[in-house]
Structure formats: C-alpha cells, structure tokens
Amino acid sequence: MTAATTPSGADVPVRGSFRGVSDLPLVGRQVYFEQLTFWLNPIGAAITIGFSVVFIVIFESTSRHSTVGYLAHIDLGQYYLPAFAAYGVMAACFNILAIQLVNRREMGLLKRQRLSPLPTWMLLSAVFLSTAIIATIQIVLVILVGRLGYDVHGPQDIGTFVLVLVVGMLSFTALGVAVSTLVPNADSAGPIVSLVFFILIALSGLYFPVKAGSGLATFTDVFPIRHLIVASVDSFNGIPGTSPWNDLLVMAIWGVAGVFVALRRWEWSPKRG
Amino acid sequence: MPAVSVEHLRKAYGDNLAVRDVSFEVQKGEVFALLGPNGAGKTTCVEILEGFRDRSSGRVETLGVDPADHATQRWLRTRIGVVLQELAVEPYYTVRQVLTRNAGYYPNPRPVPEVIELIGLRERADDRIKRLSGGQQRRLDVGLGIIGNPELLFLDEPTTGLDPSGRRETWELIHRLAAAGTTVMLTTHYMDEVEALADRVAVLYGQEIVAEGTPSSLGGRDLGAVTIRFRLPDGVTVESLPVPAVPADDGHVAVHTDDEVRVLHELTGWALAHGLPLVGLSVLRTSLEDVYLGLTRGVGSDAVHGPAVGL
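The following paragraphs examine the structure supplied in this document. The structure presented is a predicted model; accordingly, all values stated were derived computationally and were not measured.

**A word on helix α9 (residues 224–237) of chain A**
In an α-helix, one turn spans 3.6 residues; hence positions three or four apart end up facing the same way.
Residues and elements named next belong to chain A.
Move 1: Look at α9: 20 Å from first C-alpha to last across 14 residues, which is about the 20 Å you get at 1.5 Å a residue.
Move 2: Within α9, 14 of the 14 residues are buried, leaving the element largely enclosed by the surrounding structure.
Move 3: Phi turns positive one or two residues past the end of α9, at Gly238, with a value near 60°.

Structure representation (structure tokens):
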C-alpha cells in the first residue's frame, strides 16, 4: 500500500480498495494468519479435521461386503468415501465458518478489522481461501484413509468430482456466511448451526444411502446437502446414466440465495446490546 | 487544514436521534476530548469520523477526506489508528503475533518491538493474549491502535478498566504520541483524564455539543467564583471574621467570592494582626466536574445505541 504525493510533496488520497497484483502478497499473508488462527487452537483444529477421519474409519469398517443395489451395486465403502469428502466441504465451509464468523463478530474482531486498512474483499477472500484449505485437507485425508485403509477406488471421473466439490465449497461458503448473519449471539451459534446441520446431513444420506424418489429424498432434495452428497458419490464412482448438472444447479441457486442474504444482513459490529 | 472537521453532523437511527447538529474541529497535533455521559453520542460521532458508520446529514472530513467515501477509506485507514471501547483481540495469538499481523496492514508501521516496549508488555510479548490480565489486554489494544504509526489516533474510552498505574502509563503514552505530533481524539467520561490530556474539550449533552474550550476555561470556569476554605481558629466565630463566610464540614469555613485577591488580603491581614493561624487555607476554583455536572445534569435516560454496520 503506497501513498501518492503531489509535486510539492503533499499526500493525495489514493482512491480505490484494489491495488492490482501488488495486493496478492497481502492476500497470501492474510491467509497465513487465518490458518494460524485455526491451528493455534489445536484441540479445535484436531476435532474439526479429525471428525471426518474418525467417521470414515467407523463407517468403512462397519460397511464391508455391503453393496448399494440402486447405485450400480457399488460397495457401501465406495459410497461413504465421497459422501464424507462432501461432509468435509460442508463442515468446513458451512458449519465451522458460520460459527467462526458469529464468534468473530460478537468478540468485536470483525469491527476491528473493518477499521484496519485491510479491505473487505481482501479479508473475506482470505477467510474463504483458508476455509477452502481446511476443507481440502479433510477431503485429502478422507480419500487417503479410504484408499490406503479400505481399498476404495476412485475418483473415476476426477474432473466432475473436483467440479462438484468446488461448487459445493462456493455454495456452502455463501450459506455459511448467510447463516452467520441470522444467529443473534455467540452462545447460540454452535447449537443453532450444528443442530440444523447435523439433522440435515443425516436425512440427506450421509450415514445411509437414500434412494432417489423416496419420500425422504424428495424432502431433502429441496436442500443443497443431498445434492452435494449425490453428485460426489456419482462422480467418484462414475455411476452410469448420472449427470451432475441438476445437483450443481440446485447448489448454485442456494449459493446465490446465500450471497443475497449475506449482503443484506451482514454486520461488522456485535449484535449484542 | 484541520485533522478533523465536522459541520452540522446529524445521525438518526429510524426515529431515534443519536447526534443532532454537532460541529467542531480538531487541529493537527491537538489532543481533543469529547466528554459526555453514556448515550450522549460520543461513540457514534467517533465511528462516523472513522468511516465505520454513515451519517444522516452534515459535512465531515477526516484528514481532508470524507470518511464515508468508500473510494478513499483504504487510504484513510492507513493514516488513522483506532482504540475501541471494548477489547477485540484473538485469544490464541501471542502479543507479538497479533502486533506483527496488524503491522503488515500499514505502509509505514512502527517496529513491533518498539510498540511492545511502549505498551509495557516486553515480559509478556510471547504469551498468549488469553493469559494476559484485563489491564494488559487493554494496553495491547492501545498498541494495536498505534502500530500503524497513525497521524490521527481515535481513543474510545482508552483507560476504562485500567488500574491507576495502568491509566497513568496510558496517559504518559498519549502525551508522548502527542508530543511527537500525533493528533489524538479521545472520548471519555473521566474528568481527570480530560484535565491531564486534552488541549481542548467539547461536552456532548443531549446529542449536541453544549460547551467547548480548553479544560481550564470550559463553561467559564476560569472566570467564575472561587471558594476560599480554612479551619476556623479556636475561639473565633464565623460572624467575627472580616469577610462574609459560611460554615463548612470538618470545622472549616468557606468564603465564596469573585474577588479572591482582595478577600485573601483582608483575611490574611486580619489573621496576622490577631496572631491566628488559618489552617488548611486553600483557594478552589470551580472544578471541571462541577462544570460538567452543571451541563449534563439529568442526562442518561435518552441513550441511543447505533445498530450494526453492514457491508
């Protein structure tokens, strides 16, 4: 960040909050500090990262020799691995992000950062990139555990699988920010966000496959969670006759709705008092 | 060009008026205090000057730019420092880490070790913030305000929550910053803080400024009556004194006058002539607190809190 000067040496205000390529190192630096914030709380970090790994171990261990008939008779293990990769995205980009943003707002951290020279776009970019890193770590760990420990194969359609997870990250990040604006205080952030999240992921087929067309599937098809799980499972296993576009469209619609709510309701200062 | 210029500033939240028709200027290098009871609009004024909150009407300039102009906010924020009313620091960082992070936001920051020294946290520099005492955390907040080497420093009740020695150290730090040319604008409700720090003070009452001047002249206190007090000598009655006096507490008497030189002359001449001591003789001018209470008495129920600020 530099200041312009007139020929007489007086400062002239520099207009704009974007300085081009010279801003990129600052974004990288802020991502570093966002990561530092996450890892400096080792218990929180271990629980966040370890949750999906523990789950994949439990579900892979208990699902051996079972198959999913309506999904081209794939092994149940082949179902759980991409499903928990999707969970990693949702946990990092929605659950953890929403709770973290509420806490930051209520602690006054957002207000302090708003009053620093760090532009809003740079702060939010760093937060989102840091969230994507945490999600990616979970995805990589889940895939490594599944492939090395349980002989799971895939992804068969790696391009679509990556696209689905990236769209999922964008959509659930927008929803995470939106939900954070609806939570009134830090005390209720964890219970409210987690309750909604864990009920919906259970109903949407994370712990057990939900057959398309069933009543439960029809209900959970309204929400983006099931679409991320289904598109991840289909692309990871290369299930014939499936297409991710409808799932991507639903996630995109929810993401746009999240952006709309976030822009309208975002607050920098604590809601309390 | 003044560091801060405010003309007819008005801020309303719906039907609630938080600030009405406020005007003042802060000159470069000056320490300016905004004094007022809770809810008078001090924080709203400061947040508008920082560009954190938009105004309803009026003209405001901070370091020559409109703080509400988003195009120059990034520039402006490299030149101002802010100490918030409440502590806002990540608990898991160390003192050094959080100062290093924030230093990177500014083009010409103060060296981190220098700031650590200035705020008196050298021994705790590598401790996590959650392990610091409340006073130490408050000092770190001040450190975050000055890490960018600001031209203009906003201090929103900077010594609230500090013990007496912490307050003195913060005052000393503010004196040093002001001596080095930093313009300081502070809000406070401590009279002694205003008297110790401010070059000029404005009293905000009922959402508008009701008095402005130097701490020693505010509300005409440099021109008003003085009170002369002393212990009544043994065997002397109030009526027998050479000047009109009234009984006060602890066996003292008080003489209220606008002509303290003449009254003191008469009184001390009389005492010398009679060989009487005037134990505890003191001349008291109207205190800043007296002036402040006179201006703000009855305020407090009309507090207006601002809503949160959106993108």
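**Considerations on the nonpolar core**
Move 1: If you look at the biggest cluster of nonpolar residues, it comprises 67 residues, and the most contacted ones within it are B:Ala33, B:Phe154 and B:Met185.
Move 2: Aside from chain neighbours lying at most four places away, what touches B:Met185 is B:Val4, B:Val26, B:Phe32, B:Val46, B:Leu152 and B:Phe154.
Move 3: Grouped together as the second largest cluster of nonpolar side chains are 61 residues, A:Ile74, A:Met169, A:Ala262 and A:Trp266 included.

**Looking at the sheet that holds strand β2 (residues 16–26) of chain B**
Sheet strands line up and pair through hydrogen bonds in the backbone, either parallel or antiparallel.
Residue and element names in this part refer to chain B.
Move 1: Pairing is antiparallel in the open sheet, where 3 strands are placed in the order β2-β1-β4. A single partner strand is all that each edge strand has here, and the edge strands are β2 and β4 (57–62). Between one strand axis and the next, the sheet turns by 25° as a mean value, whatever way the strands run.
Move 2: Where strand β1 (residues 4–13) and β4 come together, 5 bridges link them in antiparallel fashion. Paired with Ser5 across the bridge in β4 is Glu61.
Move 3: The sheet contacts of helix α1 (residues 42–50) involve β1, β2 and β4, and relative to β1 the element is tilted by about 115°.

**Here we look at the sheet that holds strand β3 (residues 31–35) of chain B**
All names here are of chain B.
Move 1: Spatially, β5-β6-β7-β3-β8-β9 is the arrangement adopted by the 6 strands of the open sheet, whose pairing is mixed. The open sheet is flanked by β5 (80–83) and β9 (208–213), the only strands paired with a single partner. Strand-to-strand twist of the sheet, defined as the mean angle between neighbouring strand axes without regard to direction, takes the value 15°.
Move 2: Inspection of the sheet shows strand β6 (residues 152–156) paired to strand β7 (residues 183–188) by 5 bridges, in the parallel sense.

**With respect to the packing of helix α2 (residues 42–62) of chain A against helix α3 (residues 76–107) of chain A**
Residues and elements named next belong to chain A.
Move 1: Direction vectors running N to C along α2 and α3 enclose 160°, while the axes themselves pass 10 Å from each other. Here α2 lies roughly antiparallel to α3, going by the angle between them. Crossing hand, α2 versus α3: right-handed. When α2 is examined against α3, the residues Thr48, Phe51, Ser52, Phe55, Ile56, Phe59 and Glu60 are found in contact with a partner set consisting of Gly77, Tyr80, Leu81, Phe84, Tyr87, Gly88, Ala91 and Ile96.

**Re the interface of chain B and chain A**
For an interface, size is often stated in terms of accessible area lost upon the parts coming together.
Move 1: Taken together, the contacts link 27 residues of chain B with 32 residues of chain A.
Move 2: Elements with a minimum of two residues in the side of chain B that touches chain A: α2 (70–77) and α3 (95–103) of chain B.
Move 3: Ranked by residues supplied to the side of chain B that touches chain A, first place goes to α2(B) with 5 residues.

The rules behind these values
- Residues numbered from 1 in each chain as written.
- Chains lettered and ligands numbered in written order.
- Predicted model: local features only at pLDDT ≥ 70, side-chain atom pairs only at ≥ 80, totals over all residues.
- Helix = DSSP H or I, 4+ residues; strand = E, 2+ residues; numbered from the N terminus.
- Expected span 1.5 Å × (residues − 1).
- Buried ≥ 20, exposed ≤ 12 C-beta atoms within 10 Å, placed from the backbone.
- Core = buried A, V, L, I, M, F, W, Y, C linked by C-beta atoms within 7 Å.
- Contact = placed C-beta atoms within 7 Å.
- Pairing = 2+ DSSP bridges.
- Axes fitted to C-alpha atoms, helices over the stretch in contact; angles between N-to-C directions.
- Parallel < 35°, antiparallel > 145°, perpendicular 65-115°, else oblique.
- Left-handed = near helix turned anticlockwise from the far one by under 90°.

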